[in-house]
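As a plain string of letters, each chain reads:
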Amino acid sequence: MSGVNAMPLALRSVDASRRNALRTGLALAALAGTATARAALGPAPDARTVRLVLPLAPGGAMDVLGRGLAAELGQRLDTSVVVENRAGAGGNLAHELVAGERPDGHTLLLTSNALVANVTLFEGRVRYDPQRSFVPVSIVASSPTVVVVRSDAPARTMGALAAQARRSAGISVGTPGFGNGNHLALVKLHRSQGGDWRHIPYKGAGPALVGLLGGETDAAIVALPAAQAHLQAGRLRALAVVQERRSSLAPEVPTLAEAGITIALDSGWFGLLAPAGTPQAVVERVHGAVTAALADEGFRTQLARQGFEPVGSTSQAFAQQLARDVAAFPPLLQSIGARVE
């Protein structure tokens, strides 16, 4: 036996035992971390489900996206994901509900940039902070905003609608509530074109379109997926999409710029968030499920057919988007005195 390799058998046994114990401890720690994440978002002994809370009524674009996303997440998280519509107060009921829930992964929020705008619109009455009350998970998708009128409406172009707004009677325009991209587009149109564009907020795009079809309003500004079926059936006419390029889903509809109206365009988003304090392991697991769902060709095709563009951002990119909105929205809304009394 050489001097280099000489070691009493008892010491070699003790050393091997220590190595085995260390390996076992590391394996158990890894299993414990995985178990923690799974326990937060898996079938629990009390059969708890994951609630996906939406701030708008059924029937709109966000509801369509939310129900498809819930089905996809349920498969990948190995648990039931149930959509819960909490419409009211421009989305604040849903935002405040989720902000106050336990950060255990069993309650998630799918919302839009109304999360940020409402802080200004409902100044002093919002019981959440768009950045500090939530953990951003991912921007799931974006969708074109479209200006629509009834098929029998006299205005056949955006120019004609703007001219109608400048007449003494003005026009009434329905949107899916306060603070979302549709409302902000209306604010910018009002500033750009002048006249009287009376805002009629509804509890979602579905009710806004019902109001338009029933003659309660002259026009509506909603996400394209909400109006798609009505456009295809010939009940509504689309005057313009509020984005830089025409939509591949409605290529015949001009952009606002093509219709002769130029306004600053925002990138609207539909994002998934969890209550602040949700463990990072849980956030990463949900993010992984979103990423996997958006990589599925069948789900991507379904979203495209409904008028959505899949995004699937990182949590960090979503946080940066929130920060940009927090900086940009207050001066825009305050400049035209936008406020909900």
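Being a predicted model, the structure only gives us computed values, none of them experimental.

Assigned secondary structure in the chain consists of eleven helices and eleven strands. Evaluated residue by residue, the chain yields a buried proportion of 50% over its 341 residues. Considering only contacts in the chain between residues 6 or more positions apart, those separated by 24 or more positions represent 78%. Counting every atom, the chain has about 15,400 Å² of accessible surface; 54% of that belongs to carbon and sulfur.

With that settled, the discussion passes to the environment of E258. Mapped onto the fold, E258 is located in the loop between β9 (236–241) and β10 (270–275). Within the structure, E258 has its side chain in polar contact with the side chain of R246 (distance 2.9 Å).

Within a regular strand, the side chains alternate between the two sheet faces. Burial runs high along strand β6 (residues 171–175): five of the five residues are buried. Bridging between β6 and strand β7 (residues 197–201) involves five bridges; their strand directions are parallel. By the bridge assignment for β7, I171 is matched with W197. Sheet topology places β6 next to strand β8 (residues 219–223); two bridges connect them, and they run parallel. For V173, the partnering residue across the bridge sits in β8 and is A219.

So, on to the packing of helix α2 (residues 61–77) against helix α9 (residues 280–295). Here α2 crosses α9 at 120 degrees, and the two axes come no closer than 9 Å. Between α2 and α9, the crossing angle belongs to the class labelled oblique. Crossing handedness for the pair α2 and α9: right-handed. For the pair formed by α2 and α9, the contact residues are E72, L73, R76 and L77 on the first element and R285, V286, A289, V290, A292 and A293 on the second. Class assignment for the residues of the contact of α2 with α9 results in seven nonpolar, no polar and three charged.

Strand order in this open sheet of six strands is β2-β1-β3-β10-β4-β11, and the pairing throughout is mixed. On the outer flanks of this sheet lie β2 (81–85) and β11 (309–310), each paired with one strand and no other. By the bridge criterion, two bridges tie strand β4 (residues 134–142) to β11 in an arrangement that is antiparallel. Paired with A141 across the strands is P310, a residue of β11.

On to the sheet that holds β6. The strand order across the open sheet built from five strands is β7-β6-β8-β5-β9, with neighbouring strands paired in mixed fashion. Strands with a single pairing partner mark the edges of an open sheet, and in this sheet they are β7 and β9. With direction set aside, neighbouring strand axes in the sheet form an average angle of 30 degrees. Pairing of strand β5 (residues 145–150) with β8, which is carried by four bridges, proceeds in the antiparallel orientation. Paired with V148 across the bridge in β8 is A220.

Chain-level statistics for the chain give a pLDDT mean of 85 and a share of 85% at 70 or above. Low pLDDT, under 50, characterises residues 1–19; the stretch is placed with three contacts to residues that sit more than four places away or in other chains. Segment residues 21–39: pLDDT under 50, and five contacts once partners within four positions in sequence are set aside and those in other chains are kept.

A few words now on the pattern of salt bridges. Applying the stated rule across the entire model yields twelve salt bridges. The salt bridge partner of R127 is E96, with a shortest N-O separation of 3.0 Å. Here R127, found in the loop between α4 (114–121) and β4, pairs with E96, found in helix α3 (residues 92–99); they are 31 residues apart in sequence, far enough to count as distant. A relative accessible area of 66% places R127 in the exposed class. In this structure, R198 and D196 form a salt bridge, with 3.0 Å as the shortest nitrogen-oxygen distance. Because the salt bridges share partners, they merge into one network encompassing R51, E84, R86 and E101.

A complete count under the given rule lists four aromatic pairs for this structure. Between the aromatic rings of Y128 and F134, the centroid separation amounts to 6.0 Å while the plane-to-plane angle is 65 degrees, which identifies the pairing as edge-to-face.

Criteria and thresholds
- Residues numbered from 1 in each chain as written.
- Predicted model: local features only at pLDDT ≥ 70, side-chain atom pairs only at ≥ 80, totals over all residues.
- Heavy atoms only, no water.
- Helix = DSSP H or I, 4+ residues; strand = E, 2+ residues; numbered from the N terminus.
- Buried < 20%, exposed > 50% of the residue type's maximum accessible area, 1.4 Å probe, protein only.
- Contact = heavy atoms within 4.5 Å.
- Areas by Shrake-Rupley, 256 points an atom, 1.4 Å probe, with all protein chains shown as cover.
- Polar contact = N/O pair within 3.5 Å; in protein donor to acceptor, adjacent residues only side chain to side chain.
- Pairing = 2+ DSSP bridges.
- Axes fitted to C-alpha atoms, helices over the stretch in contact; angles between N-to-C directions.
- Parallel < 35°, antiparallel > 145°, perpendicular 65-115°, else oblique.
- Left-handed = near helix turned anticlockwise from the far one by under 90°.
- Nonpolar A, V, L, I, M, F, W, Y, C, P; charged D, E, K, R; others polar.
- pLDDT = per-residue confidence, 0-100.
- Salt bridge = Lys/Arg side-chain N within 4 Å of Asp/Glu carboxyl O.
- Phe/Tyr/Trp six-rings, centres within 6.5 Å; stacked < 30°, edge-to-face > 60°.

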